[in-house]
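Fold and contact review
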Amino acid sequence: MKFTLQHTDPKSKARAAELITDHGKIETPIFMPVGTVASVKGVHQRELKEEINPDIILGNTYHLYLRPKIEILKQAGGLHKFMGWDRNILTDSGGYQVYSLSGNRKIKEEGVKFKSHIDGSYHFFSPESVMEIQRDIGADIIMAFDECTPYPCDYNYAKRSMHMTHRWLDRCIRHLDKTPFTYGYEQTFFPIVQGSTYKDLRRQSAEYIASVGAEGNAIGGLSVGEPAEEMYAMTEVVCEVLPEDKPRYLMGVGTPINILENIALGIDMFDCVMPTRNARNGMLFTAHGTINIKNKKWENDFSPIDEMGTTFVDLEYSKAYLRHLFAANEYLGKQIATIHNLGFYLWLVREARKHILAGDFSEWKSIMVKQMDKRL
Ligand code: PRF
């Protein structure tokens, strides 16, 4: 992987950069649509490519391991071939999904025993097994196996957990070094900073993560229920420590406003289920605030879904029509809303990039944050 910084904003820590892997170029800041089970829910690959046009999408080790199972992905020649996606893919390690299983898992030094949400069967993930699984899934960027701590989190638990995440990281690296690429292209490994909402732990974790000299670094354990201000404070501390010449990925974040604020703090990559999940619940993001399309007030509003027209659905269909689709529980409603939201998220990060390159990101960000902080 090759990472090239192109421009840094004079009034913030925002950066524009380019990342090149064997599956092509990724222009940052980037938002990665989430395709948990080899599908970005509600959007087929051609539409995703042609309308939303992301350089990279995300998949989940936990889900793919349980279904379709790794053996099937190997037979297919990897996840790219299996799902018909020839651009970049990043896989999360399962650290977060396992955390989300709260009652159905046991975390120990050796690894995590967990119960499948599909059939209740028991499985075990270790740093070593998760590296092998990610080799076989074959994403371009693969993540360390970590423990994502909950919020709030007791200081001593957060500290112990952080150290375990660091020991797991050493095991991930040792094992990866012994495990060749399964397919004919390179994979880049990103370690993950933890440390809950404690500045000293965050700093210590970032120093440890930076010391392993990976080609990119991630920040986990945020956007788990803490106030936005606490999240920003942690991102700031961590970005001060992580190397400038490597991409920084903030995992599972967030709202459009969270994304702009974290770009300003030096984050290059984001992923979140919010645009896709909220779309399926009838919540639309726009440059002027959020819309609950199920609301009766849209019943006879025949104006376009979004005058900005980022994707074709925005101008082709009216709010009244989309509201009707939700009221009638039609699949198409969720599909249209998903295309709209993903189109908007990708527009937002591309605009951010343009403004970083033009040198007026901070001014633009202030206007956008104010503008988007509304319910329409
Ligand atoms: N760890 C991993 N994946 C994640 C997170 C984490 O802490 C988060 C936290 N918001 C999202 N996805 N491995």
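Structure: see above.
Residues numbered from 1 in each chain as written. Predicted model: local features only at pLDDT ≥ 70, side-chain atom pairs only at ≥ 80, totals over all residues. Heavy atoms only, no water.

Some words on the sheet that holds strand 12 (residues 192–193)
The sheet built from five strands is open, its strands ordered 4-15-14-13-12 with parallel pairing. The open sheet has two edge strands, strand 4 (30–32) and strand 12, and neither has a second partner. Bridging between strand 12 and strand 13 (residues 217–219) involves two bridges; their strand directions are parallel. Looking at the pairing, Val193 lines up with Ile219 of strand 13. (Pairing = 2+ DSSP bridges. Helix = DSSP H or I, 4+ residues; strand = E, 2+ residues; numbered from the N terminus.)

Section: the site of the ligand
Taken together, Asp92, Ser93, Tyr96, Asp146, Cys148, Ile192, Gln194, Gly220, Gly221, Leu222, Met251 and Gly252 make up the full set of residues near the ligand. Note that a nitrogen atom of the ligand is positioned 3.5 Å from one of the side-chain N or O atoms of Ser93. Interatomic distance of 3.0 Å between a side-chain N/O atom of Gln194 and an oxygen atom of the ligand. Relative to its unbound accessible surface of 310 Å², the ligand loses 97% to contact with the protein. (Near = heavy atom within 4 Å. Polar contact = N/O pair within 3.5 Å; in protein donor to acceptor, adjacent residues only side chain to side chain. Areas by Shrake-Rupley, 256 points an atom, 1.4 Å probe, with all protein chains shown as cover.)

Focus: helix 7 (residues 155–178)
Across its 24 residues, helix 7 extends 35 Å between first and last C-alpha, which sits within 8% of the 34 Å expected from 1.5 Å per residue. Among all positions of helix 7, only Ala158, Ser161, Met162, Met164, Thr165, His166, Trp168, Leu169, Arg171, Cys172, His175 and Leu176 are buried. The N-terminus of helix 7 is capped by Asp154, whose side-chain oxygen sits 3.2 Å from the backbone nitrogen of Asn156. (Expected span 1.5 Å × (residues − 1). Buried < 20%, exposed > 50% of the residue type's maximum accessible area, 1.4 Å probe, protein only.)

Points about the nonpolar core
If you look at the biggest cluster of nonpolar residues, it comprises 107 residues, and the most contacted ones within it are Phe31, Leu90, Met143, Tyr249, Leu260, Ile263 and Met269. The leading source of residues in this core is helix 14 (residues 331–358), at 12 residues. (Core = buried A, V, L, I, M, F, W, Y, C linked by side-chain atoms within 4.5 Å.)

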